[in-house]
Amino acid sequence: MVNTVNDQWNAHLYDKSHSFVSQYGIDLIQFLAPMENEKILDLGCGTGDLARQMKDLGANVIGVDKSANMIEQARNKYEEIAFEVKDATELLYKNEFDAVFSNATLHWVKTPEKALNCIQNSLKQGGRFVAEFGGKGNVQTITNEIIREIKTLGMDFSEEQFPWFYPSIAEYTSLMEEVGFRVTLAQHYDRPTKLDGELGLQNWIEMFGAQLFNGIDEKQKQNIIKRVEHNLKNILYKEGNWFADYKRIRVIGVKSSY
Ligand code: BEZ
């Protein structure tokens with residue numbers, strides 16, 4: 001997750017309306033296959049639901065997230081788990097974890113080499129990194145349309161307004177290899193994601209895409225969202241629900257000494 005100084009995250013709304021994020025992460029826990037007493041870092045733990053699942057499987061989990069709001073909510077929900085506010089690019093752990101797990105977080109990190117170095121340093125020799133996040137082309141139908149509408153209204157759109165890093169497999173696995181991972185799995189797959197109800201697309205844009213509208217006033221923002229909804233209805237709206245064009249990267253890397 002992002003941003004403590006200017007914490008954009010409403011943890012209650014996240015739990016109420018966007019719990020699909022951790023629901024999908026349950027599959028990733030199967031790739032991690034945590035074992036009894038393994039020490040696991042949940043990087044970008046949000047409000048702690050997946051950390052809790054790993055703990056229930058017997059692992060010794062620490063959850064970290066850049067958002068203080070998310071960590072406060074995680075601590076309230078799961079008192080028995082250690083949660084800390086930490087940025088993925090500023091971790092100071094050294095050879096401590098059997099595994100680093102990260103679901104739906106690393107697309108927020110626009111300096112991936114820094115995060116990968118921190119992850120590598122955090123792992124014990126032979127430890128594994130298991131992650132899933134948005135890959136090249138993720139939600140592109142939505143973001144292209146928002147950017148097009150912003151420009152149509154005569155405004156500029158700068159690279160800094162785009163909050164995400166969506167790499168290809170080649171790009172991300174090369175970065176992993178550069179910091180010393182042996183990549184044992186890499187997938188880039190389509191996962192159309194249901195955004196519940198008539199307001200699903202609008203709610204998603206408001207929850208996750210606020211930065212796209214930096215420098216744009218609220219009235220114009222709402223106007224743009226309405227136009228985007230209108231233009232995308234034929235493509236992304238089916239039988240009462242919106243479906244976002246998610247494209248996921250899933251990777252596993254092992255900390256190797258070669
Ligand atoms: C994702 O999980 O791919 C994602 C979630 C929110 C915003 C952008 C991408």
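For the structure itself, look to the data block above.
Each value, and the rule that gives it
- Residues take numbers from 1 onward in each chain, read along the sequence in its written order.
- For a predicted model such as this one, the threshold for reporting local features is a pLDDT of at least 70, and the threshold for listing and counting side-chain atom pairs is 80 or more; totals across whole chains, interfaces and linings nevertheless cover every residue.
- Computation of side-chain values covers all heavy atoms of the structure but excludes hydrogens and water.
- Cavities and pockets were defined on a 1 Å grid built from protein atoms only: a cavity is a group of points that admits a 1.4 Å probe but offers it no way out, a pocket is an open group of points flanked by protein on both sides within 12 Å along at least five of seven lines, and a lining residue is one with an atom within 4 Å of any such point.
- Grid points are joined across faces, edges and corners, and a volume is the space filled by probe spheres set on the points.
- Numbering of helices and strands runs from the N terminus; a helix is a DSSP stretch of H or I covering at least four residues, while a strand is a stretch of E covering at least two.
- Residue classes follow a fixed rule: Ala, Val, Leu, Ile, Met, Phe, Trp, Tyr, Cys and Pro count as nonpolar, while Asp, Glu, Lys and Arg count as charged, and any other residue, Gly among them, counts as polar.
- Proximity is defined per residue: any heavy atom of the residue falling within 4 Å of a molecule or strand makes that residue near it.
- Between N or O atoms, a polar contact is any pair within 3.5 Å; within protein, one atom must be a potential hydrogen donor and the other a potential acceptor, and residues adjacent in sequence are included only when both atoms are from side chains.
- For every accessible area listed, the method is Shrake-Rupley and the probe measures 1.4 Å; residues are considered covered only by the protein chains on display.
- Put plainly, a molecule is in a cavity or pocket when over half of its atoms are within 2 Å of the grid points there.

1. Description of empty space enclosed by the protein
Applying the stated rule across the entire model yields two cavities of 30 Å³ or more. If you add up the space inside the largest cavity, you get close to 190 Å³. Ala104, His107, Phe208, Tyr246 and Arg248 are, among the 18 residues lining the largest cavity, the residues nearest its centre. Elements represented by at least two residues in the lining of the largest cavity include exactly helix H2 (20-32) and helix H8 (200-208).

2. Points about the layout of surface pockets
Counted as a void, the second largest pocket has a volume near 220 Å³. Around the second largest pocket, the lining is made up of 13 residues, and of these Ser17, Phe20, Lys194, Leu195 and Asp196 lie nearest the centre. At the level of secondary structure, the elements contributing two or more residues to the lining of the second largest pocket comprise helix H1 (11-17), H2, strand S7 (193-195) and H8. For the lining of the second largest pocket, the per-class residue count stands at four nonpolar, six polar and three charged.

3. As for the site of the ligand
What surrounds the ligand is the set Ala104, His107, Trp108, Gly134, Asn138, Trp164, Tyr166, Trp204, Phe208, Tyr246 and Arg248. Side-chain polar atom of Asn138 to an oxygen atom of the ligand: 2.8 Å apart, as the coordinates give it. Arg248 has a polar side-chain atom sitting 2.4 Å from an oxygen atom of the ligand. When the free accessible area of the ligand is taken as 260 Å², the share hidden by the protein chains comes to 97%. The pocket occupied by the ligand, as judged from atoms lying within 2 Å of grid points, is the largest cavity.

So, to be careful, I would describe these as geometric facts and stop short of saying anything about function.
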